[in-house]
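For reference, the chains in residue letters:
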Amino acid sequence: MLSAYIIHLLILIGIYLILCLSLQLALGYTGLLNLGHIAFYAIGAYTSALLTLSGVPFIVSFLMAGIVSALFGYLLAFSTNKLKGDYLALATLGFTFVIYAIALNWTDLTNGALGLAGIPKPDLGILQIKSNAFYLFFVSITAVFSYLIINKIVKSPFGKVLEAIRDDELAVRILGKNTFKIKNYSLAVSAFFAGIAGSLYAHYITFIDPSSFGFMQIIPILSIVIIGGIASLRGTVLATFVLVLLPEPLRFIGFPSSVVGPVRQIIYALMLLLILMYRPKGFYGKVSLE
Amino acid sequence: MIKIEKLQSGYNKTKIIKGLDMVAVAGEITAIIGPNGAGKSTLLKSVFNLCDIYSGKIFYKEENIKKLPTHDLINFGISYVPQGRQVFTNMTVKENLEMGAFVFKDKELINKNIEDIYRKFPILKQKQNQDAATLSGGQQQLLAIARSLIQNPQLLLLDEPSLGLSPKAMKEVFKKIQEINKEGVSVIIVEQNAKKAVEIADRTYILENGKIALSGGKEILKNPKIKNIYFGGI
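Attention in this report is confined to the structure presented alongside it.

**Remarks on the overall build of chain B**
Here comes step 1: Broken down by element type, chain B carries nine helices and 10 strands.
Here comes step 2: Its C-alpha radius of gyration of 17 Å places chain B within 12% of the 17 Å reference for a compact globule of 234 residues.
Here comes step 3: Considering only C-alpha atoms, chain B reaches an extent of 50 × 40 × 30 Å along its principal axes.
Here comes step 4: Looking at chain B as a whole, 44% of its 234 residues are labelled buried.
Here comes step 5: A sequence separation of at least 24 residues applies to 67% of the contacts in chain B between residues at least 6 apart.

Below, the structure is given as structure tokens:
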């Protein structure tokens, strides 16, 4: 039997994996420097939590988490369509702050800083997911499906166009493709999976508040995508395992919890620096960060 | 085929083309030459809606195509090869050609067009599985031209196709342009290598400060004023 601690780690890896694979689609494959990914994660978590708390069946809430996030993704892409690089990064980062502010201040809806408690564990109709081992199974299935779908997208002709947009958007436009529309779709699909990950998180922890979705949360996600390698799904899988598990030994060294957090950030920063210096394409990346 | 009337265009508030009139006739090669900063590339970008157009009209087969979205112009039979080649260096030669073919939905048609391209550009067939990054400058330029030809254009806009090429590669590229034209594709070529461009063109426009300063056929090379001002070294 797996210990509760291992199961907990594997669930986190599963949720992070979906989140990072979806960011890889927008950032690695389409070249959209989206720093607002955590906002989609938050939208998914809140949508799913609010719906299930008001009596909507879990499976509907779960799908709605993805759909609502995808809508926001499409709208964000639509409104930032002409922005690139640093400007897009700033605009999407701003979006994270907006969603955070809404979660914090629209207390009638989100209960503000007090958060939403008592989010029910998933009920799939014929079976209820009460134990964490079963939840791990559900997260794993979702992660595998997410991987397969995103893999199918990036291997398709549409995926090739995404990569072409990343490499040279003008060249794609002059070949007759509406790159604005394609980028909208890419961000919407990316946001869909981030929303799904948000729903999984909310129903696992059973409590969410705005602090779970601050802009600093983008650092581990972005680190995983970069260290795994731009435009590499298997790199993302490997990096998710490495970066989620790497800081875990800190728990057993006996550092106070106030130290563990910053040390974790230092580890991510060190990993990023080492990757930039010695392996600019990440684990399996196709495109160099240089 | 293409008629431009009183065109004014540029970038943001900087006007580069300042009231330009010109005509490119179907089946011909039209060369646009002139000094740096004259607005040659901006003129092509104006046709392809890649810069700001302030006023004027651009007719293609009697239809005003001014400000049509870039991605729609392909459906009108216009293709554009920008300056600097812009091939997808992370993709193979074949993938680059497939990118050019994605305006078609029919896979058989795509494969047929790619085979046609391989017949016209045997070097690309030889290197079809190589990354475009590994091609020489001349081969990359041929790939960029081939990629636009796969869309079966009636009008091909070429922006500085000889830029950065060796004399041998340049010769090869110009030979291909003539062959493409002989197959019925009209060409508008913007070139720094004025002599070479005039030699292959049926009609030449000399652009100066955003306006047409002079136009004519191959005899334009003999004009002493032009020789001194624009072709000083030739």
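Further notes follow.
**Some points on the overall build of chain A**
Here comes step 1: Counting its regular elements, chain A contains 13 helices and two strands.
Here comes step 2: Relative to its length of 290 residues, chain A is compact, with a C-alpha radius of gyration of 19 Å against a globular reference of 19 Å.
Here comes step 3: Each of the three principal axes of chain A carries a C-alpha extent, and together these read 55 × 45 × 35 Å.
Here comes step 4: The buried share of chain A, taken over its 290 residues, is 48%.
Here comes step 5: Of the contacts formed within chain A by residues at least 6 apart in sequence, a portion of 78% connects residues at least 24 apart.

**Quick notes on the packing of helix 2 (residues 37–53) of chain A against helix 4 (residues 85–105) of chain A**
Residues and elements named next belong to chain A.
Here comes step 1: Relative to each other, helix 2 and helix 4 sit at 30°, their axes nearing to 8 Å. In terms of orientation, helix 2 and helix 4 fall into the roughly parallel class. In this structure, the crossing between helix 2 and helix 4 has a hand that is left-handed. Of the residues in helix 4, those in contact with Ile 38, Ala 39, Ala 42, Ile 43 and Tyr 46 of helix 2 are Phe 95, Thr 96, Ile 99 and Ala 103.
Here comes step 2: Counted by class, the contact of helix 2 with helix 4 contains eight nonpolar, one polar and no charged residues.

**Comments concerning the sheet that holds strand 6 (residues 78–81) of chain B**
Residue and element names in this part refer to chain B.
Here comes step 1: Overall, mixed pairing links the six strands, which are arranged 6-7-8-3-9-10 in an open sheet. The sheet is open, and its two borders are formed by strand 6 and strand 10 (211–216), each paired with just one other strand. Across the sheet, the mean angle from the axis of one strand to that of its neighbour is 15°, orientation sign disregarded.
Here comes step 2: Pairing analysis gives four bridges linking strand 6 to strand 7 (residues 155–159), with the strands arranged parallel. Bridging across to strand 7, Val 81 finds its partner in Leu 158.
Here comes step 3: Across the sheet, helix 7 (residues 167–182) is in contact with strand 3 (29–33), strand 7 and strand 8 (186–190); its angle to strand 8 comes to roughly 150°.

**Side note on the pairing of strand 10 of chain B**
All names here are of chain B.
Here comes step 1: As paired strands, strand 9 (residues 203–208) and strand 10 are joined by five bridges and run antiparallel to one another. Residue pairing in the sheet places Glu 208 in a bridge with Lys 211 of strand 10.
Here comes step 2: Between strand 9 and strand 10, which follow one another and run antiparallel, lie two residues, and Asn 209 among them has a positive phi close to 50°.

**As for the interface of chain A and chain B**
Note: interface size is frequently given as the accessible area lost on complex formation between the parts.
Here comes step 1: Counting from both sides, the interface comprises 17 residues of chain A and, opposite them, 15 residues of chain B.
Here comes step 2: Contributions of two or more residues to the side of chain A that touches chain B are made by helix 7 (157–167) and helix 8 (169–174) of chain A.
Here comes step 3: By residue number, the principal contributor to the side of chain A that touches chain B is helix 7 of chain A, which donates six residues.

**Examining helix 4 of chain A**
Residues and elements named next belong to chain A.
Here comes step 1: Here helix 4 contains 21 residues, and its C-alpha end-to-end distance of 30 Å stays within 8% of the 30 Å for a straight helix at 1.5 Å per residue.
Here comes step 2: Along helix 4, the residues that are buried comprise Leu 88, Thr 92, Phe 95, Thr 96, Ile 99 and Ala 103. For helix 4, the angular spread of buried residues about the axis comes to 100°, placing them on one side. For helix 4, the exposed residues lying more than 90 degrees away from the buried face are Asp 86, Tyr 87, Val 98 and Ala 101.
Here comes step 3: Close packing links the buried residues of helix 4 with helix 2, helix 3 (58–79) and helix 5 (107–110).

**A closer look at the sheet that holds strand 1 (residues 2–11) of chain B**
All names here are of chain B.
Here comes step 1: Sheet architecture is open: four strands sit in the order 2-1-4-5, paired in antiparallel fashion. Edge strands, defined here as strands with exactly one partner in the open sheet, are strand 2 (14–24) and strand 5 (63–64).
Here comes step 2: Examined bridge by bridge, strand 1 and strand 4 (residues 52–60) share seven bridges and lie antiparallel to one another. Residue pairing in the sheet places Ile 2 in a bridge with Tyr 60 of strand 4.
Here comes step 3: Sheet strands in contact with helix 1 (residues 40–47) are strand 1, strand 2 and strand 4, and its direction is about 75° off that of strand 2.

**Here we look at unusual backbone geometry**
Trans is the prevailing form of peptide bonds, just as negative phi is the prevailing case for residues other than glycine.
Here comes step 1: Phi is positive for Asn 111 of chain A, which is not a glycine, with a value near 65°.
Here comes step 2: Looking at the secondary structure, you find Asn 111 of chain A in the loop between helix 5 and strand 1 (116–117).
Here comes step 3: You will see that Glu 62 of chain B, though not glycine, has its phi angle at about 75°, which is positive.
Here comes step 4: Mapped onto the fold, Glu 62 of chain B is located in the loop between strand 4 and strand 5.

**Some thoughts on the packing of helix 10 (residues 218–228) of chain A against helix 13 (residues 257–278) of chain A**
All names here are of chain A.
Here comes step 1: Contact pair helix 10 / helix 13: the axes reach a minimum separation of 10 Å and the direction vectors enclose 25°. For the element pair helix 10 / helix 13, the angle class is roughly parallel. Judged by the sense of rotation from one axis to the other, the crossing of helix 10 with helix 13 is left-handed. The residues of helix 13 that touch helix 10, namely those facing Ile 219, Pro 220, Ser 223, Ile 226 and Ile 227, are Gln 265, Tyr 268, Met 271, Leu 272 and Ile 275.
Here comes step 2: Looking at the contact of helix 10 with helix 13 residue by residue, the classes come out as eight nonpolar, two polar and no charged.

**Comments concerning the pairing of strand 1 of chain B**
Residues and elements named next belong to chain B.
Here comes step 1: The sheet contact formed by strand 1 and strand 2 spans eight bridges and is antiparallel. Its bridge partner lying in strand 2, Ile 4 is registered against Met 22.
Here comes step 2: The turn linking strand 1 back onto strand 2 is made up of two residues, and Asn 12 within it adopts a positive phi angle of 50°.

About the cut-offs
- Residues numbered from 1 in each chain as written.
- Chains lettered and ligands numbered in written order.
- Predicted model: local features only at pLDDT ≥ 70, side-chain atom pairs only at ≥ 80, totals over all residues.
- Helix = DSSP H or I, 4+ residues; strand = E, 2+ residues; numbered from the N terminus.
- Rg over C-alpha atoms; globule rule 2.2 N^0.38 Å.
- Buried ≥ 20, exposed ≤ 12 C-beta atoms within 10 Å, placed from the backbone.
- Contact = placed C-beta atoms within 7 Å.
- Axes fitted to C-alpha atoms, helices over the stretch in contact; angles between N-to-C directions.
- Parallel < 35°, antiparallel > 145°, perpendicular 65-115°, else oblique.
- Left-handed = near helix turned anticlockwise from the far one by under 90°.
- Nonpolar A, V, L, I, M, F, W, Y, C, P; charged D, E, K, R; others polar.
- Pairing = 2+ DSSP bridges.
- Expected span 1.5 Å × (residues − 1).
- Arc of directions from axis to C-beta.

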